[in-house]
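These are the residues of each chain, in order.
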Amino acid sequence: MAELESPRGAVNVGHSPLLQEAAATPAAAADAGQSPRQAELLNARRKFSSTLESDVLDYLHYGPAQLEDCVTTMHTIFNNIVMHPDEPKYRKIKAANKAYLRHVATVHRADDLMLQAGWRPKVVDLEKAWVWEYEPSSHEFRVLVEAVEVLGRAMQTLHAKAEVRDRPQPAAAAMQRQQHDKQQQQQHQQ
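A. Here's a closer look at helix α3 (residues 36-56). Look at α3: 28 Å from first C-alpha to last across 21 residues, which is about the 30 Å you get at 1.5 Å a residue. All of the buried residues along α3 are Ala39, Leu41, Arg45, Arg46, Phe48, Ser49, Ser50, Thr51, Leu52, Asp55 and Val56.

Listed below in structure tokens is the structure:
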């Protein structure tokens with residue numbers, strides 16, 4: 001079974017599609033005939049995927065809905081730059097932004113994903129903000145595109161988990177029907 005290195009040590013990729021995809025190393029990319037820039041991009045994707053999977057998607061401390069909100073919000077923030085690379089309004093997020101505070105800032109290590117995707121904390125107009133300052137032709141822009149793709153896949157996985165969680169189990173559904181029927185009978189008797 002493949003492993004990835006993370007700040008907390010080796011991470012077994014197990015059956016995680018995000019980590020399996022990221023398990024390739026820059027050396028493997030070079031062996032496959034990729035350029036050093038392509039290998040760097042692959043390494044950035046691997047690091048982003050690893051941080052997302054092993055540090056941010058923490059089901060012990062956060063519910064699936066909160067994690068889905070975090071990933072969806074980050075995907076929207078990052079994708080706005082990819083879709084509108086020359087639009088300045090998408091290149092700055094105030095640290096006090098309600099959506100950012102509610103969905104991203106509350107999840108431990110989500111700020112690491114912001115940094116890995118090229119965002120930098122700065123003070124702009126006397127307010128703390130996250131700023132993205134790279135050109136569409138830059139390596140950092142390609143890293144951001146990779147981050148959008150990884151977050152998109154994570155959103156699909158989180159959404160599927162939320163659907164399974166929210167789907168009533170057969171036994172639970174039968175109990176709910178019985179309780180409902182019992183309440184109906186009690187109401188008719190009154």
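B. Examining the pairing of strand β5 (residues 127-131) more closely. As judged from the 3 bridges shared by strand β3 (residues 92-94) and β5, these two strands associate in the antiparallel manner. Looking across to β5, one finds that Lys92 is bridged to Val131. Pairing between strand β4 (residues 120-124) and β5: 5 bridges, direction antiparallel. Looking at the pairing, Lys122 lines up with Ala129 of β5. Taken together, β4 and the strand that follows it, β5, pair antiparallel across an intervening segment of 2 residues, in which Asp125 is found at a positive phi of about 50°.

C. Just the packing of aromatic side chains, in detail. Taken as a whole and judged by the stated rule, the model has 5 aromatic pairs. Plain terms: the ring middles of Phe78 and Trp119 are 6.4 Å apart, the flat faces sit at 25° to each other, and that makes the pair stacked. Placement of Phe78 in helix α4 (residues 64-83) and of Trp119 in the loop between α6 (110-116) and β4 is noted, with a sequence separation of 41 residues between them. The exposure classification of Phe78 matches that of Trp119, with both residues buried.

D. Seen up close, the nonpolar core. Within the largest apolar cluster, 32 residues are counted, with the highest numbers of intra-cluster contacts made by Phe48, Leu52, Met74, Phe78, Trp119 and Leu144. Listing elements by their share of this core, those giving two or more residues are α3, α4, α5 (98-104), α6 and α7 (139-166). Leave out the neighbours within four places in its chain, and Phe78 touches Phe48, Leu113, Met114, Ala117, Trp119, Leu144, Ala147, Val148 and Leu151.

E. Highlighting unusual backbone geometry. The phi dihedral of Arg109 is positive, around 75°, even though this residue is not glycine. By the element assignment, Arg109 lies in the loop between α5 and α6. A relative accessible area of 16% places Arg109 in the buried class. Even without a glycine there, the phi angle at Asp125 is positive, about 50°.

F. View of the pattern of salt bridges. Under the definition given, this model contains 7 salt bridges. Between Asp55 and Arg109 there is a salt bridge, and its shortest N-O distance comes to 3.0 Å. Of this pair, Asp55 sits in helix α3 while Arg109 is found in the loop between α5 and α6, placing the two residues 54 residues apart along the sequence. Across the pair, Arg109 and Asp55 agree in class, each one buried. A salt bridge links Glu127 to Lys94, with the nearest nitrogen and oxygen atoms 3.5 Å apart.

The rules behind each value
- Residues numbered from 1 in each chain as written.
- Predicted model: local features only at pLDDT ≥ 70, side-chain atom pairs only at ≥ 80, totals over all residues.
- Heavy atoms only, no water.
- Helix = DSSP H or I, 4+ residues; strand = E, 2+ residues; numbered from the N terminus.
- Expected span 1.5 Å × (residues − 1).
- Buried < 20%, exposed > 50% of the residue type's maximum accessible area, 1.4 Å probe, protein only.
- Pairing = 2+ DSSP bridges.
- Phe/Tyr/Trp six-rings, centres within 6.5 Å; stacked < 30°, edge-to-face > 60°.
- Core = buried A, V, L, I, M, F, W, Y, C linked by side-chain atoms within 4.5 Å.
- Contact = heavy atoms within 4.5 Å.
- Salt bridge = Lys/Arg side-chain N within 4 Å of Asp/Glu carboxyl O.

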